[in-house]
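Summary of the model geometry
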Amino acid sequence: MFLEPSAWVLQGKLCFIVYLEEYYQLQRDGECELEWLLLIQPYFSQQPQDQVVVAGQSVTLPCVIVGYRGMVQWTKDGLALGGERDLPGWVRYSLMGDPLSGEHSLVIDSAELGDDAVYECQATQVGLRSHRAKLTVLVPPSDPVVEGGPVVRLKAHTPHNLTCRASGAKPAAEITWYRDGEIMHDTIYSKTLMEDGKRETAVSMLPMVPEDSDSGRTYTCRVLNPAAPAGRQTSVTISVQHPPSVTLSVQPQTVMEGAKVLFICSASANPEITGYRWSKGGVPISEANGDSLEVTVDHSYFTDPVSCEVSNSVGSTNVSTLVDVQFGPKLLTEPKPQIVDIGMDAAFTCSWTGNPPLTLAWTKQGSSVVLSNSNTLQLKAVTQDDSGTYTCKAIVPRIGVAERDVTLTVNGPPIITAEATQQAIKHSKGKLECLVGSSPPPDKIVWTFGDTILSSGSSGRFSVQTVQSDRGVLSSLILSETLAQDFQLRYNCTAWNRFGTGTALVTLEEQGMGLALKQYLIGIEFTCLLRTCPPPPICQFKKMKIKIIYLLRNSYIFV
């Protein structure tokens, strides 16, 4: 098979070299001598190989073909670049070497990311192709960027990820953190492919919980890749910001009620303080807006704290303090009167405050016995004797004393108070009295004497009057005229309520005869409990003439 013939000069004569499939023939014009030589097939003496180049550098992809004088072209990712040696349209591309010597190397000036491709050298007329050579273009990372720099403002004690970003690198940049020149570990690294599908963005986060001691420290983000082995770096300074640190003091700390004190609110902050706000017991003090407050204190400053709130752009801090105000007893809980039935429990509560700490004592009027030293007085299974007024007394040493009274009313059977012997002048108007002072008030009061029973109104010379007083119900048996037989009778005053019955026996004595009668009546002594006596006639006695002496509670002595 003949291919395109070429001519050259051999030993001074023009000859033709004819390419055959297996042989070539030299023929001299005129006197021709033929020599048959073995045909040499075209082949690559140099082929492009995979290469790595840094963007901006030039690179040569070699291609030398022996035994070929036809057209040579290069392809890039399968796209033909053209057969001309200056490669029109590819301003940075050109073919280098002597084409007669088979030199067709591809030169790329100032390699760019777009040059990153697979290249092939082709002898198109003989269907000869070189190795496929991968040209890798390395791109250095851009200068690293630390978010928030050059001064990163962080809130104290709040976790934060210090973030450094290096973009546009191929391959992705390696990132290392330093704190004041000391390498930091435990970073979080990630990378993402950019839109061009070749370059990458790398991100490194350095977790930290900033403390005040970190303020002013320098953190450096250093990035590198094979295209920038010397690396690039960016440094930032940390500014740790925090709400104000506040100290609240009071001068003097211990004062008497009515004295003046000065509150001082000392604060430091980063950034600067923007305002102060004062309050007492949670209520704002509108007229106070600086770092000090002077007031005249009362006892409430002992329990209601004074607060100073200091603010800046990061936040606010509120600090409170109490004043050691010394004052006498102040009543907090007023004891309430109690009405209970006999046999039940009763309790009074009385609370005070004072400074210095107070002592408390419960007593019953008429007695100095301390019943309790606590806020609550407990009375178990009360009787009618427990009725009365109780006093809750508070004592603040060296300061003062205060007290509150409260009454206990015990509901029970009527308690009747009457003088056992009452006097009147014969043949004049006379009166016998009994006082029913129990709770609840009596439903009925009856006088019994001889054969007469009288609760109200009149009967002959006798009439009954009932009067309500502060001490109870006073019942009076009135005789319009006293006769001799009236001084011989026993008068029974009996009262009823829902709890039972009470009775008192009274004798009428002629005025002026008391001493002789007392001497005459000395005799047998015995006790009669009124509540055990049956209804009138009340008690049965062994002597017809007796004297009744009223004792404590419902007891009488008969002689």
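No experiment lies behind these values; they were computed from the predicted model shown.

1. Regarding unusual backbone geometry
Residue Pro-252 follows Gln-251 across a cis peptide bond; omega there is -10 degrees. Mapping Pro-252 onto the fold places it in the loop between strand E24 (228–251) and strand E25 (254–256). A cis amide bond links Ser-439 with the next residue in sequence, Pro-440, at an omega value of 0 degrees. Note that Pro-440 resides in the loop between strand E42 (430–436) and strand E43 (444–449).

2. What to know about the side chain of Ser-130
Its place among the elements puts Ser-130 in the loop between strand E14 (128–129) and strand E15 (133–138). A polar side-chain atom of Ser-130 sits 2.7 Å from the main-chain amide nitrogen of Cys-121. Discounting chain neighbours no more than four positions away, the residues touching Ser-130 are Phe-44, Gln-47, Pro-48, Glu-120 and Cys-121.

3. Re the sheet that holds strand E11 (residues 93–96)
The 3 strands lie next to each other as E7-E12-E11, forming an open sheet whose pairing is antiparallel. Whereas interior strands pair on both sides, the edge strands pair on one side only; in this sheet they are strand E7 (59–61) and E11. The average undirected angle you get between the axes of adjacent strands in this sheet is 30 degrees. Looking at chain direction, E7 and strand E12 (residues 105–108) are connected through 3 bridges and run antiparallel. The residue of E12 that forms the bridge with Val-59 is Ile-108.

4. With respect to the pairing of strand E27 (residues 275–280)
Across 6 bridges, the pairing between E27 and strand E30 (residues 306–311) is antiparallel. Within the sheet, the bridge partner assigned to Lys-280 lies in E30 and is Val-306. Looking at chain direction, E27 and strand E28 (residues 283–284) are connected through 2 bridges and run antiparallel. Each bridged residue has a counterpart across the sheet, and for Lys-280 the counterpart in E28 is Val-283. Counted between consecutive antiparallel strands, the loop separating E27 from E28 contains 2 residues, among which Gly-281 sits at a positive phi close to 60 degrees.

5. Focus: the sheet that holds E30
The strands making up a sheet associate through hydrogen bonds between their backbones, and the pairing can be parallel or antiparallel. One open sheet accounts for 4 strands, arranged E28-E27-E30-E31; its pairing is antiparallel. Across the chains shown, the open sheet's two edge strands, defined by having one partner strand only, are E28 and strand E31 (316–321).

6. Describing the packing of aromatic side chains
All told, the structure shown has 7 aromatic pairs when counted by the stated rule. Among the aromatic residues, ring-to-ring pairing joins Phe-348, Trp-362 and Tyr-390 into one connected group. Against the face of Tyr-301 rests Lys-280, its NZ or CZ located 4.7 Å from the ring centre.

Criteria and cut-off values
Residues numbered from 1 in each chain as written. Predicted model: local features only at pLDDT ≥ 70, side-chain atom pairs only at ≥ 80, totals over all residues. Heavy atoms only, no water. Helix = DSSP H or I, 4+ residues; strand = E, 2+ residues; numbered from the N terminus. Polar contact = N/O pair within 3.5 Å; in protein donor to acceptor, adjacent residues only side chain to side chain. Contact = heavy atoms within 4.5 Å. Pairing = 2+ DSSP bridges. Axes fitted to C-alpha atoms, helices over the stretch in contact; angles between N-to-C directions. Phe/Tyr/Trp six-rings, centres within 6.5 Å; stacked < 30°, edge-to-face > 60°. Lys NZ or Arg CZ within 6 Å of the ring centre and 35° of its normal.

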